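# Analysis of the macromolecular model
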Amino acid sequence: MTYNKLTPDEERVIIDKGTEMPFSGKYYNYNADGTYTCKRCGAPLYRSSDKFDAGCGWPSFDDEIPGAIKRTLDPNGYTEISCANCGAHLGHVFEGEGFTPKNVRYCVNSISLNFTPASETKKADSPKATPAPEKSQLEKAYFAGGCFWGTEYMLEKEPGVVSVRVGYMGGHTSNPTYKQVCTDTTGHAETAEVVFDPTKTNYEKLARLFFEIHDPTQLNRQGPDVGDQYRSAVFYVDDNQKQITEKLIGILKDKGYKVVTEVAKAGTFWPAEDYHQSYYDRTGGQPYCHVYQKRF
Ligand SMILES: [Zn+2]
């Protein structure tokens, strides 16, 4: 699956789950007949016949194209909506507000959408039309290697990586906050959740990179950051990832590195507070804690 290239403004919403300013988007006051599609992957999401004016400054719909939208609970307790095909962030969905008989409002960022007029959709139904994008086969990987700002920064530059979120994993408490994790009693490690496209990269490549952007021989610390929340860990989602990780650690040990990286089955990933996401890209800074060093 090929994705459309996104501008920084589009990335801020579609990947970093931001929200555009109300009344600023292209489609909040737009009534043409046609189909709204995902800006990133082109999947059809909403029909103009389900669009209504909620007066909120964002395009609003009371129904989706069946199966097009994925719902997840966000850390603030709202229901986030994303493209079921590629995971692009769209906005939020609200129920019980009474705007229309269906009593649902999909509140969508204009910038997450493209629009195909009905006249073109009809043309596209002809035999020459390109097939709809395939169902996404995106995969996930979880790496902990010290301060998660740096791990995220280094991994999200890698080709084939669709998105990276920072959060907490490997501990024994639910809904941990940064403050709790920093007190070093929750057991969680600062972890990067990497979503990648296996047709463009693979787990081994990412895991190798991970071992080269942090120092896997430092126990319960990384550079200036000390505490077991900064420990080196790989949380695998399946046996394949586990075997690859163990193989790479074996290679490093053969080379004389005293690797202390924990290898454990992935548990619940708790996304960190919004202000931690894409920290260096938002602040324009450079990681103090992570540099690339060739080890393989
Ligand atoms: Zn999409």
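This text goes with the structure placed above it.
Residues numbered from 1 in each chain as written. Predicted model: local features only at pLDDT ≥ 70, side-chain atom pairs only at ≥ 80, totals over all residues.

### Comments concerning helix 3 (residues 148–155)
Since the α-helix advances by 3.6 residues per turn, residues separated by three or four positions end up pointing in the same direction. Burial runs high along helix 3: 8 of the 8 residues are buried. Residues Phe148, Trp149, Gly150, Thr151, Glu152, Tyr153, Met154 and Leu155 constitute the buried set of helix 3. Packing partners of the buried residues in helix 3 comprise strand 10 (139–145), strand 11 (161–169), strand 12 (189–196), helix 5 (203–213) and helix 7 (279–283). (Buried ≥ 20, exposed ≤ 12 C-beta atoms within 10 Å, placed from the backbone. Helix = DSSP H or I, 4+ residues; strand = E, 2+ residues; numbered from the N terminus. Contact = placed C-beta atoms within 7 Å.)

### Comments concerning the sheet that holds strand 15 (residues 232–236)
As a general point, the strands of a sheet are linked pairwise by backbone hydrogen bonds and lie either parallel or antiparallel. The mixed open sheet is built from 6 strands, whose spatial order is 16-15-10-12-11-17. The sheet is open, and its two edges are formed by strand 16 (262–265) and strand 17 (270–271), each paired on a single side. Where strand 11 and strand 12 come together, 8 bridges link them in antiparallel fashion. Directly across from Ser163, in strand 12, lies its bridge partner Val195. (Pairing = 2+ DSSP bridges.)

### Side note on the sheet that holds strand 5 (residues 69–73)
In space, the 6 strands of this open sheet follow the order 3-4-8-7-6-5, with antiparallel pairing throughout. Both edges of this open sheet fall to strand 3 (51–52) and strand 5, since each of them pairs with a single strand only. As judged from the 5 bridges shared by strand 7 (residues 89–95) and strand 8 (residues 104–108), these two strands associate in the antiparallel manner. Within strand 8, the residue paired with Val93 across the bridge is Tyr106.

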